[in-house]
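# Structural features, examined
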Amino acid sequence: MNIQSIQENRINAGMPSLEMDSHRVVSPFEFYPTWFFYTPVVLQSLWLGLRYGDLRLPLIANPSIKLSGMVGESKHDILQLAGPVAKQWISPYVTITKTEESVDKQMKQALQVLSSQNLTFPLVAKPDIGCRGVGVKLVNNNQQLTEYIESFPNKARFLLQQKAPYQAEAGVFYVRYPGEKTGKIISMTLKYSPSVIGDGIHTLKELIERCPRAGQLSHLYLPRHQEKLDWVLPAGEEYQLAFAGSHSRGSIFRNGNPFITDALSKKLDEILKDVNEYYYGRLDIKFQNINLFMQGKSFTILEINGASSEATHIWDRNTNLKEIFSTLLAQYRILFEIGAKQKARGFRPDSIMSLLTAWKKERDLTKHYPTTD
């Protein structure tokens, strides 16, 4: 893999060049139902629960996070765990609660909060509770922010985060065992925003359908761009099909493990030791370019995820089924190991009923979120 070859286009600037295979552009397993992959994980978890004498150990792997970040965790609460060192590496944000007051009044209050924190458009709006990019939107102006507030469910919170100055994006899975000074990166995923290039002849709908990858995922893209499907893109113009960095929303994932370095691991050790009692999960990161990122430089953290994190490099189109299963099983073994060490330190997990209650709350909330960009 040539680490010097970096994307120069606007949408994926700073990323290694994206090579598309002619015979396989979408993983054959990428959109299989979740139960297919997680049935072996559940069976292994039952066995590990018996072995350790407690099925609930994953719920204390990150003891400072509600249910360890397994479900229903607050993005705001997790980011608030960051100390002064870690905060320097997190994209600035504010948290807003939707109320029953008029949208105009809430809009004015939101603008005041943004101004007090020196945050300006463009912003990324995202629900405080949610996963897989649900409800995430790019907000460029007052009108779009008003629409987001209006469409958000009452009494629920959302974050407005400064849009990162970088285009390149990665998901980095980090683990550290309690009592150990250093951790390690066990997975890196490079996330590419899908796009089509105009030719001055074909409509956006036709370009999507003619694209080897986008054509297979048209059910994701066509509804999202319904108002522009008849638009003819000028020749050479690039049009982004998805903004949220989630493969379930159409983002392209590539195995980034060859780009993991000691320098990057060392930098994450420095940052994450300053996030109170955080040991296991995936960071969503934007970076300037892959070479600087490998040196542990020029990046910003968008989100810190907990126990339900997935080593998303498995959704690379060339990852085989054996590796997918072995990766998922290995990461959950680590999760139980960390949980067991936390229990030995004196932490006690919540009940399974608490987990189910949080899952139901998240499921019910996500039904009312705005559509995802």
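For the structure, see preceding data.
In this text, all values refer to a predicted model and were calculated from it rather than measured experimentally. (Residues numbered from 1 in each chain as written. Predicted model: local features only at pLDDT ≥ 70, side-chain atom pairs only at ≥ 80, totals over all residues. Heavy atoms only, no water.)

Running from amino to carboxyl end, helix 1 (residues 34-52) crosses helix 10 (residues 321-344) at an angle of 30 degrees, the nearest separation of the two axes being 10 Å. Relative to helix 10, the element helix 1 is oriented roughly parallel. Considering only the axes of helix 1 and helix 10, their crossing is right-handed. Where helix 1 abuts helix 10, its residues Phe36, Phe37, Tyr38, Pro40, Val41, Gln44, Ser45, Leu48, Gly49 and Tyr52 lie against Leu321, Ile324, Phe325, Leu328, Leu329, Tyr332, Arg333, Phe336, Glu337 and Ala340. (Axes fitted to C-alpha atoms, helices over the stretch in contact; angles between N-to-C directions. Helix = DSSP H or I, 4+ residues; strand = E, 2+ residues; numbered from the N terminus. Parallel < 35°, antiparallel > 145°, perpendicular 65-115°, else oblique. Left-handed = near helix turned anticlockwise from the far one by under 90°. Contact = heavy atoms within 4.5 Å.)

Nonpolar side chains collect at one region of the surface, where Val42, Leu43, Leu46, Leu55, Ile352, Met353 and Leu356 lie side by side and expose about 650 Å² of accessible area between them. Of all the secondary-structure elements, those providing two or more residues to the nonpolar patch are helix 1 and helix 11 (352-366). Relative to the assigned elements, Leu46 resides in helix 1. Assessed through its relative accessible area of 45%, Leu46 is described here as partly exposed. (Patch = residues over 30% accessible without salt bridge, like charges linked within 9 Å, V, L, I, M, F, W, Y side chains within 5 Å. Areas by Shrake-Rupley, 256 points an atom, 1.4 Å probe, with all protein chains shown as cover. Salt bridge = Lys/Arg side-chain N within 4 Å of Asp/Glu carboxyl O. Buried < 20%, exposed > 50% of the residue type's maximum accessible area, 1.4 Å probe, protein only.)

Look at helix 1: 26 Å from first C-alpha to last across 19 residues, which is about the 27 Å you get at 1.5 Å a residue. For helix 1, the complete set of buried residues consists of Phe37, Tyr38, Val41, Gln44, Ser45, Leu48 and Gly49. At its buried positions, helix 1 is contacted by helix 10. (Expected span 1.5 Å × (residues − 1).)

By themselves these figures say nothing about function.
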